[in-house]
Amino acid sequence: MRKLVLEVQISIDGYIAETDGKTDWMIWNWGPEWKWDQALRTYHTDLTKSADCFLISRQMAEEGFIAHWAHVSQNPDDPRYSFAKHISDTPRVVFSKTLKKSKPIPGGWQNTDLASGDVVEEVLKLKGQKGKNMLVYGGATLVSSLINAQLVDELHLIINPVALGKGLPIFNDRQHMNLVTAKSFDSGIVVLHYERKPN
């Protein structure tokens, strides 16, 4: 069965965004100035390339995730090009009960499927298909529902050196995990790689 892997940027007190969704506290929040050091860039790019399917939320699709990385993938001189091209060339699944494929989204529906059924059933169906790992990027509602349903097999928590005090959490329930690696990077970020403990 394929694994579902989560890569997410998070604050040291466990939030992935402020309560209003802002992420300007991150060392790099996906903009053109890639402020991560080279070792962290390589870690992220290699993880991205290990997946042959990406899961994203309706909100991310409507906010332009697909269009953003498609645009970056047009410029081979951009340092983000390698993983952006992989995101653009790899099948994606948008999870939404309200979107229809007849409704345009930024970047279009090319290479993108829509999952509108029960999240657990949809993910189990995807896990049962042949292929490599799947990678989920969020947002908070989708990610927390996958974690709570114990569908996420591995977590790569990119911990930024900032505490928010309050914000959008992804952990709403007790979770038991095994630490695989803990790595610190020159840009001030620590990446904790966990595997979910089976029940």
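Structure report, in brief.

Some details on the packing of helix 1 (residues 38-49) against helix 4 (residues 81-89)
No. 1: Across the interface, helix 1 lies against helix 4 with an axial gap of 9 Å and an inter-helix angle of 20 degrees. Here helix 1 lies roughly parallel to helix 4, going by the angle between them. For the crossing formed where helix 1 meets helix 4, the hand is left-handed. Contacts from His44, Thr45, Thr48 and Lys49 in helix 1 reach Ser82, Phe83, His86 and Ile87 in helix 4.

Regarding the nonpolar core
No. 1: Grouped together as the largest cluster of nonpolar side chains are 29 residues, with contacts concentrated most on Phe65 and Trp69.
No. 2: Contributing elements (two or more residues each) for this core: helix 1, strand 3 (51-57), helix 2 (58-63), helix 3 (65-72), helix 4 and strand 6 (133-138).
No. 3: Here this core takes four residues from helix 3, the largest share from any one element.
No. 4: If near-sequence neighbours (up to four positions away) are discounted, Trp69 is found in contact with Trp28, Trp30, Arg80, Phe83, Ala84, Ile87 and Ser88.
No. 5: One finds Leu4, Leu126, Val136 and Leu157 within the second-largest nonpolar core, a separate group that totals 26 residues.

Reading the values: the criteria
- Residues numbered from 1 in each chain as written.
- Predicted model: local features only at pLDDT ≥ 70, side-chain atom pairs only at ≥ 80, totals over all residues.
- Heavy atoms only, no water.
- Axes fitted to C-alpha atoms, helices over the stretch in contact; angles between N-to-C directions.
- Helix = DSSP H or I, 4+ residues; strand = E, 2+ residues; numbered from the N terminus.
- Parallel < 35°, antiparallel > 145°, perpendicular 65-115°, else oblique.
- Left-handed = near helix turned anticlockwise from the far one by under 90°.
- Contact = heavy atoms within 4.5 Å.
- Core = buried A, V, L, I, M, F, W, Y, C linked by side-chain atoms within 4.5 Å.
- Buried < 20%, exposed > 50% of the residue type's maximum accessible area, 1.4 Å probe, protein only.

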